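# Reading the structure
Here's the letter readout for the chains.
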Amino acid sequence: MMREKRMQAKRILSIFPAAAFLLSAPAVASDFDGSKLLICATVEAMDCASGEDCTKGRPDDIGAPAFLRIDFAKKTIGGPKRSTQILFMEKSEGQILLQGTELGHAWTLALDQMSGKMAVTLVDREGAFVLFGSCTPL
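Residues numbered from 1 in each chain as written. Predicted model: local features only at pLDDT ≥ 70, side-chain atom pairs only at ≥ 80, totals over all residues. Heavy atoms only, no water.

### Points about the overall build of the chain
Condition: A run of H or I in DSSP counts as a helix once it spans at least four residues, and a run of E counts as a strand once it spans at least two, with each numbered from the N terminus. Three labels apply to residues, based on accessible area from a 1.4 Å probe with only protein chains included: buried if under 20% of the type maximum, exposed if over 50%, partly exposed otherwise in between. Two residues form a contact once any of their heavy atoms are found within 4.5 Å.
A tally of helices and strands in the chain yields one helix and eleven strands. Reading the chain from its N terminus to its C terminus gives the helix and strand order α-β-β-β-β-β-β-β-β-β-β-β. Relative to its full complement of 138 residues, the chain shows a buried share of 43%. Here the contacts in the chain between residues at least 6 apart in sequence split such that 54% fall between residues at least 24 apart.

### Description of the state of the cysteines
Defined as follows: Two cysteine sulfur atoms make up a disulfide if the distance between them is within 2.5 Å.
Applying the stated criterion across every chain, the model contains two disulfides. Shown here is the disulfide that connects Cys 48 with Cys 54, its sulfur atoms set 2.0 Å apart. Judged by the sign of its S-S torsion, about 120 degrees, the bond between Cys 48 and Cys 54 is right-handed. Looking at the chain, its bonded cysteines, counted consecutively from the start of the sequence, adopt the pairing 1-4, 2-3.

### Some remarks on the nonpolar core
Operational definition: We call a set of buried Ala, Val, Leu, Ile, Met, Phe, Trp, Tyr and Cys residues a nonpolar core when their side-chain atoms join them within 4.5 Å.
Counting 22 residues, the largest nonpolar core has Ile 70, Leu 98 and Leu 109 as the members making the most contacts within it. Those elements that provide at least two residues to this core are strand E2 (38–49), strand E4 (67–71), strand E8 (95–102), strand E9 (105–112), strand E10 (117–124) and strand E11 (127–137). With sequence-adjacent residues up to four places away left out, Leu 98 is seen in contact with Ile 70, Phe 72, Ile 77, Ile 86, Phe 88, Met 89, Trp 107, Thr 108 and Leu 109.

### A look at the sheet that holds E4
As a reminder of what qualifies: For two strands to pair, DSSP has to find at least two bridges joining them. Axes here mean lines fitted to C-alpha atoms, for a helix over just the part in contact, with angles spanning 0 to 180 degrees between N-to-C directions.
Pairing in this open sheet of three strands is antiparallel, and the strands run E4-E5-E6 from one edge to the other. Looking at the sheet topology across the chains shown, the edges are occupied by E4 and strand E6 (83–85). Each strand axis lies, on average, 20 degrees off the axis of its neighbour in the sheet, ignoring direction. Pairing analysis gives three bridges linking E4 to strand E5 (residues 76–78), with the strands arranged antiparallel. Note on E5: the bridge partner recorded for Ile 70 is Ile 77.

### Topic: the pattern of salt bridges
Pairs can form between side chains of opposite charge whenever their charged atoms are close. Rules: Salt-bridge detection follows one rule: a side-chain nitrogen of Lys or Arg within 4 Å of a carboxyl oxygen of Asp or Glu.
Counted under the stated rule, the structure contains three salt bridges. Between Lys 56 and Glu 44 there is a salt bridge, with the nearest N and O atoms lying 3.1 Å from each other. Residue Lys 56 is found in strand E3 (residues 55–57), and its partner Glu 44 is found in strand E2; the two are separated by twelve residues along the sequence. Given the relative accessible area of 60%, Lys 56 is considered exposed. Close ionic contact of Glu 102 with Arg 82 constitutes a salt bridge, the shortest N to O distance being 2.5 Å. One end of the pair, Glu 102, is in strand E8; the other, Arg 82, is in the loop between E5 and E6, and 20 residues separate them in sequence.

### A look at the environment of Ser 92
Structurally, the position occupied by Ser 92 is in strand E7 (residues 88–92). Distance in space between the C-alpha atoms of Ser 92 and Gln 113 is 9.3 Å, their sequence separation being 21 residues.

### A word on the side chain of Thr 84
Let me state the cut-off plainly: Each polar contact in these results corresponds to two N or O atoms within 3.5 Å; when the atoms are within protein, one needs to be able to donate a hydrogen and the other to accept it, and residues that are neighboring in sequence are counted only if both atoms are side-chain atoms.
Within the element layout of this structure, Thr 84 appears in strand E6. Relative accessible area serves as the criterion here: at 3%, Thr 84 is assigned to the buried category. One polar contact links Thr 84 to Glu 102, side chain to side chain, over a distance of 2.6 Å.

Shown next, in the form of C-alpha coordinates:
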(Lines give C-alpha, C1' and ligand atoms only; values in the text may rest on other atoms or scores of the structure.)
Protein backbone atom coordinates (compact mmCIF):
# COMPACT_ATOMS: atom_id res chain seq x y z
CA MET A 1 0.00 0.00 0.00
CA MET A 2 2.78 2.44 0.94
CA ARG A 3 4.76 1.61 -2.22
CA GLU A 4 1.62 2.18 -4.33
CA LYS A 5 1.12 5.63 -2.77
CA ARG A 6 4.78 6.50 -3.44
CA MET A 7 4.37 5.45 -7.09
CA GLN A 8 1.29 7.69 -7.36
CA ALA A 9 3.27 10.56 -5.85
CA LYS A 10 6.04 9.93 -8.40
CA ARG A 11 3.48 10.22 -11.20
CA ILE A 12 2.35 13.56 -9.72
CA LEU A 13 5.98 14.70 -9.56
CA SER A 14 6.42 13.87 -13.23
CA ILE A 15 3.80 16.46 -14.15
CA PHE A 16 4.98 19.00 -11.59
CA PRO A 17 7.56 21.33 -13.04
CA ALA A 18 9.68 21.54 -10.00
CA ALA A 19 13.35 21.22 -10.52
CA ALA A 20 16.09 21.75 -12.94
CA PHE A 21 19.41 23.52 -13.55
CA LEU A 22 21.22 24.24 -16.77
CA LEU A 23 24.97 24.65 -16.36
CA SER A 24 26.43 27.41 -18.51
CA ALA A 25 28.92 30.25 -18.53
CA PRO A 26 29.38 32.02 -15.19
CA ALA A 27 26.50 34.33 -14.41
CA VAL A 28 26.38 37.57 -12.48
CA ALA A 29 24.43 37.98 -9.25
CA SER A 30 21.77 40.12 -10.93
CA ASP A 31 20.86 37.14 -13.12
CA PHE A 32 19.25 35.47 -10.08
CA ASP A 33 17.58 38.40 -8.33
CA GLY A 34 14.09 37.64 -9.65
CA SER A 35 14.25 40.08 -12.56
CA LYS A 36 15.01 37.56 -15.35
CA LEU A 37 13.32 34.49 -16.78
CA LEU A 38 15.32 31.39 -15.79
CA ILE A 39 15.73 27.91 -17.25
CA CYS A 40 16.70 25.29 -14.69
CA ALA A 41 17.92 21.69 -14.88
CA THR A 42 17.63 19.07 -12.15
CA VAL A 43 20.78 17.03 -11.52
CA GLU A 44 20.18 15.03 -8.31
CA ALA A 45 17.07 13.65 -6.58
CA MET A 46 16.03 11.92 -3.37
CA ASP A 47 12.78 10.12 -2.50
CA CYS A 48 12.12 10.03 1.26
CA ALA A 49 9.27 8.30 3.13
CA SER A 50 8.66 8.19 6.87
CA GLY A 51 10.39 5.25 8.52
CA GLU A 52 12.45 4.41 5.43
CA ASP A 53 15.89 5.40 4.17
CA CYS A 54 15.87 8.03 1.43
CA THR A 55 16.53 6.72 -2.07
CA LYS A 56 19.07 8.80 -3.98
CA GLY A 57 19.17 8.90 -7.76
CA ARG A 58 18.69 10.93 -10.90
CA PRO A 59 15.64 13.18 -11.28
CA ASP A 60 14.35 10.97 -14.10
CA ASP A 61 14.27 8.03 -11.64
CA ILE A 62 11.48 9.75 -9.67
CA GLY A 63 9.71 11.29 -12.66
CA ALA A 64 11.01 14.84 -12.23
CA PRO A 65 11.30 16.97 -15.37
CA ALA A 66 14.76 17.55 -16.81
CA PHE A 67 14.10 21.29 -17.27
CA LEU A 68 11.77 23.95 -15.93
CA ARG A 69 11.23 27.66 -16.50
CA ILE A 70 10.85 30.14 -13.67
CA ASP A 71 8.93 33.23 -14.75
CA PHE A 72 9.04 35.70 -11.86
CA ALA A 73 6.92 38.29 -13.70
CA LYS A 74 4.06 35.84 -14.32
CA LYS A 75 4.66 34.05 -11.00
CA THR A 76 4.80 30.62 -12.63
CA ILE A 77 7.08 27.62 -12.84
CA GLY A 78 6.60 25.66 -16.05
CA GLY A 79 7.71 22.23 -17.12
CA PRO A 80 7.13 20.20 -20.26
CA LYS A 81 3.64 19.03 -19.21
CA ARG A 82 2.17 21.75 -16.99
CA SER A 83 2.70 24.99 -15.10
CA THR A 84 2.10 25.85 -11.48
CA GLN A 85 1.50 29.18 -9.77
CA ILE A 86 4.03 30.64 -7.37
CA LEU A 87 1.82 31.50 -4.38
CA PHE A 88 4.53 32.94 -2.15
CA MET A 89 7.85 34.59 -2.95
CA GLU A 90 10.39 35.99 -0.49
CA LYS A 91 13.68 37.64 -1.35
CA SER A 92 16.24 37.74 1.40
CA GLU A 93 19.96 38.27 1.46
CA GLY A 94 21.45 35.55 -0.68
CA GLN A 95 18.36 33.61 -1.73
CA ILE A 96 14.85 33.69 -3.15
CA LEU A 97 12.22 31.33 -1.74
CA LEU A 98 9.28 30.29 -3.90
CA GLN A 99 6.33 28.23 -2.63
CA GLY A 100 3.11 26.76 -3.92
CA THR A 101 0.88 23.71 -4.04
CA GLU A 102 0.22 21.18 -6.77
CA LEU A 103 -2.19 18.21 -6.75
CA GLY A 104 -2.20 17.77 -2.96
CA HIS A 105 1.51 18.43 -2.48
CA ALA A 106 3.26 21.53 -1.12
CA TRP A 107 6.48 22.61 -2.81
CA THR A 108 9.33 24.98 -2.02
CA LEU A 109 12.14 26.10 -4.29
CA ALA A 110 15.17 27.90 -2.79
CA LEU A 111 17.35 29.74 -5.34
CA ASP A 112 20.86 30.98 -4.50
CA GLN A 113 21.12 34.56 -5.84
CA MET A 114 24.88 34.36 -6.40
CA SER A 115 25.33 30.96 -8.07
CA GLY A 116 21.89 30.09 -9.48
CA LYS A 117 21.93 26.75 -7.66
CA MET A 118 18.58 25.53 -6.36
CA ALA A 119 17.06 23.02 -3.98
CA VAL A 120 13.43 21.93 -4.37
CA THR A 121 11.12 19.97 -2.06
CA LEU A 122 7.75 18.44 -2.88
CA VAL A 123 6.01 17.09 0.23
CA ASP A 124 2.80 15.50 1.45
CA ARG A 125 1.92 13.50 4.57
CA GLU A 126 3.53 10.35 3.12
CA GLY A 127 7.00 11.76 2.47
CA ALA A 128 9.08 14.14 0.41
CA PHE A 129 11.01 14.45 -2.81
CA VAL A 130 14.16 16.58 -2.78
CA LEU A 131 15.79 17.85 -5.98
CA PHE A 132 18.99 19.76 -6.58
CA GLY A 133 20.11 21.61 -9.70
CA SER A 134 21.18 24.88 -11.29
CA CYS A 135 19.56 27.71 -13.22
CA THR A 136 20.68 30.13 -15.90
CA PRO A 137 18.94 33.19 -17.39
CA LEU A 138 17.17 32.86 -20.73
